Amino acid sequence: MQYGPRIAAIIVYLYIGQFLSKQRTARALAELFGIPLSSGTVAGIGCLRTLTGARQFGAIRSYLSTAAKHDLGFFNALVMLTEGQPWAAPKVSWTPDSLGKGIFYIQRELNDRFTTVMT
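Residues numbered from 1 in each chain as written. Predicted model: local features only at pLDDT ≥ 70, side-chain atom pairs only at ≥ 80, totals over all residues. Heavy atoms only, no water.

J.: How do you make sense of the environment of Met-80 when you look at a structure like this?
T.: Along the chain, Met-80 falls in helix H5 (residues 74-82). Ignoring sequence-local partners within four residues, the contact set of Met-80 consists of Tyr-63, Leu-72, Gln-85, Pro-86 and Trp-87. (Helix = DSSP H or I, 4+ residues; strand = E, 2+ residues; numbered from the N terminus. Contact = heavy atoms within 4.5 Å.)

J.: Looking at this structure, I do not really get H5. What am I missing?
T.: Since one α-helical turn is 3.6 residues long, residues separated by three or four positions face the same way. Among the residues of H5, those classed as buried are Ala-77, Leu-78 and Val-79. Backbone geometry just after H5 places Gly-84 at a positive phi near 80°. (Buried < 20%, exposed > 50% of the residue type's maximum accessible area, 1.4 Å probe, protein only.)

J.: How should the environment of Trp-87 be read in this particular structure?
T.: Checked against the element boundaries, Trp-87 lands in the loop between H5 and helix H6 (99-103). Remark: the alpha-carbon pair of Trp-87 and Ala-67, spanning 20 residues in sequence, is separated by 7.6 Å.

J.: What is the right way to look at the packing of helix H1 (residues 5-17) against helix H2 (residues 22-33) in this model?
T.: Any two packed helices are characterised by the angle at which their axes cross and by the distance between the axes. Interhelical geometry of H1 versus H2 gives an angle of 135° and a closest axis separation of 9 Å. Taken together, the axes of H1 and H2 lie oblique to each other. In this structure, the crossing between H1 and H2 has a hand that is right-handed. Contacts between H1 and H2 involve Ile-7, Ile-10, Ile-11, Leu-14 and Tyr-15 from the first element and Lys-22, Thr-25, Ala-28, Leu-29 and Phe-33 from the second. Across the contact of H1 with H2, the residue classes tally to 8 nonpolar, 1 polar and 1 charged. (Axes fitted to C-alpha atoms, helices over the stretch in contact; angles between N-to-C directions. Parallel < 35°, antiparallel > 145°, perpendicular 65-115°, else oblique. Left-handed = near helix turned anticlockwise from the far one by under 90°. Nonpolar A, V, L, I, M, F, W, Y, C, P; charged D, E, K, R; others polar.)

J.: Help me understand the nonpolar core in this model?
T.: Nonpolar side chains tend toward joint burial in soluble globular proteins. Within the largest apolar cluster, 24 residues are counted, with the highest numbers of intra-cluster contacts made by Ile-7, Leu-29 and Leu-37. Leave out the neighbours within four places in its chain, and Leu-29 touches Ile-7, Ile-10, Ile-11, Leu-14, Gly-34, Ile-35 and Leu-37. (Core = buried A, V, L, I, M, F, W, Y, C linked by side-chain atoms within 4.5 Å.)

J.: Explanation requested: the side chain of Thr-25 in the structure shown.
T.: Following the sequence through the fold, Thr-25 ends up in helix H2. Apart from residues no more than four positions distant in its own chain, Thr-25 is found in contact with Ile-11, Leu-14, Tyr-15, Leu-20 and Val-42.

J.: Where do I start with unusual backbone geometry in this structure?
T.: Keep in mind that most residues, glycine aside, have a negative phi and that most peptide bonds are trans. The residue Phe-19 is not glycine, and still its phi comes out positive at about 60°. Take Phe-19: its relative accessible area is 56%, and that puts it in the exposed class. One non-glycine residue, Asp-71, lies in the positive phi region at around 65°. Assignment of secondary structure puts Asp-71 in the loop between helix H4 (51-69) and H5. Taking relative accessible area as the criterion, Asp-71 reaches 68% and is therefore assigned exposed.

The following block contains the structure:
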């Protein structure tokens, strides 16, 4: 059986984003939506069976982490991804006069300790 992008996004959100076990993820979907799933289906959609799956897991976790840092929720980011329209972080273009400051831009705040010189 094949599931649509929203169900796949919910599975990935619960299994990878919230670290539910395969069994708990399957049970949650069965209870919430009446969709009977096996833990193998969850694992297949959650992609953790092989080294390739582990790499995909890392990519998904990185995608979700970056999206969260830009105030985009996990579920919305996953729905966009599974619908073939992945969210992308805004591009930053540094000009030569702001490049030095950009290097020391940490947690969205300019740290003056890095841009001033003590003599």
